[in-house]
Amino acid sequence: MNPGRTAGGPPDPQPCSHMRNLVSSLSDGSIGRLAGWYTRLHVGGCPKCRTTLEAFLSLRVRLKSFELAANPSQETSLTADRRSNIETALDRIEHERQDSLS
């Protein structure tokens, strides 16, 4: 498999290396004001980072729809513990993916 591609799927979005965490934080709303301003400015002029941000936002919408479909009667926001567990799992997956590309 080529780096930057998923098995049989579209290319993995790859932001500029110095923007990876900022684009991710912008997509989930956890970014600070100054960093958010800088990231939005960069994303506005960088096709790679814009594509990555759009992919992250699309993924969030899809995940939210799955959550709503699975639990229509539950509140739609995540608890702090649940969010932390998800972020830890996603970080682990990202590190494993980066290690496999090295």
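A word on the overall build of the chain
In terms of helices and strands, the chain carries four helices and zero strands. Ordered by position from N to C terminus, the α and β elements of the chain give α-α-α-α. By the burial criterion, 17% of the 102 residues in the chain qualify as buried. In the chain, the proportion of contacts linking residues at least 24 apart, taken out of those at least 6 apart, comes to 48%. Summing over all exposed atoms, the chain offers an accessible surface of approximately 7600 Å²; the carbon and sulfur share of this is 57%.

Observations regarding helix α2 (residues 33-45)
Between its first and last C-alpha atoms α2 spans 19 Å; for 13 residues at 1.5 Å apiece the expected length is 18 Å, and the two agree. The set of residues buried in α2 consists of G36, T39, H42 and V43. Taken end-on, α2 shows its buried residues confined to a sector of 130°, consistent with a single buried face. Along α2, exposed side chains directed more than 90 degrees from the buried face belong to R33, L34, W37, L41, G44 and G45.

So, the pattern of salt bridges
In a structure, side chains of opposite charge can pair up when their charged atoms sit close to one another. This model, assessed by the stated rule, comprises two salt bridges. D28 is the salt-bridge partner of R83, the closest N and O atoms lying 3.8 Å from each other. Residue R83 is located in helix α4 (residues 80-101), and its partner D28 is located in helix α1 (residues 20-28); the two are separated by 55 residues in the primary sequence. We classify R83 as partly exposed; its relative accessible area is 31%. Owing to a relative accessible area of 21%, D28 belongs among the partly exposed residues under this scheme. One connected set of salt bridges, linked through shared partners, spans D28, R83 and E87.

Quick look at the packing of α1 against α2
Where α1 meets α2, the closest approach of the two axes is 10 Å, and the angle between their N-to-C directions is 105°. Compared by their axis directions, α1 and α2 come out roughly perpendicular. Contacts from L22, V23 and L26 in α1 reach A35, Y38, T39, R40 and V43 in α2. Within the contact of α1 with α2, the residues separate by chemical class into six nonpolar, one polar and one charged.

Topic: the environment of S17
Tracing the backbone through its elements, the reader meets S17 in the segment before α1. Owing to a relative accessible area of 62%, S17 belongs among the exposed residues under this scheme. On a C-alpha basis, the gap between S17 and C49 in space is 9.6 Å, while along the polypeptide they are 32 residues apart.

Reading guide: rules and limits
Residues numbered from 1 in each chain as written. Predicted model: local features only at pLDDT ≥ 70, side-chain atom pairs only at ≥ 80, totals over all residues. Heavy atoms only, no water. Helix = DSSP H or I, 4+ residues; strand = E, 2+ residues; numbered from the N terminus. Buried < 20%, exposed > 50% of the residue type's maximum accessible area, 1.4 Å probe, protein only. Contact = heavy atoms within 4.5 Å. Areas by Shrake-Rupley, 256 points an atom, 1.4 Å probe, with all protein chains shown as cover. Expected span 1.5 Å × (residues − 1). Arc of directions from axis to C-beta. Salt bridge = Lys/Arg side-chain N within 4 Å of Asp/Glu carboxyl O. Axes fitted to C-alpha atoms, helices over the stretch in contact; angles between N-to-C directions. Parallel < 35°, antiparallel > 145°, perpendicular 65-115°, else oblique. Nonpolar A, V, L, I, M, F, W, Y, C, P; charged D, E, K, R; others polar.

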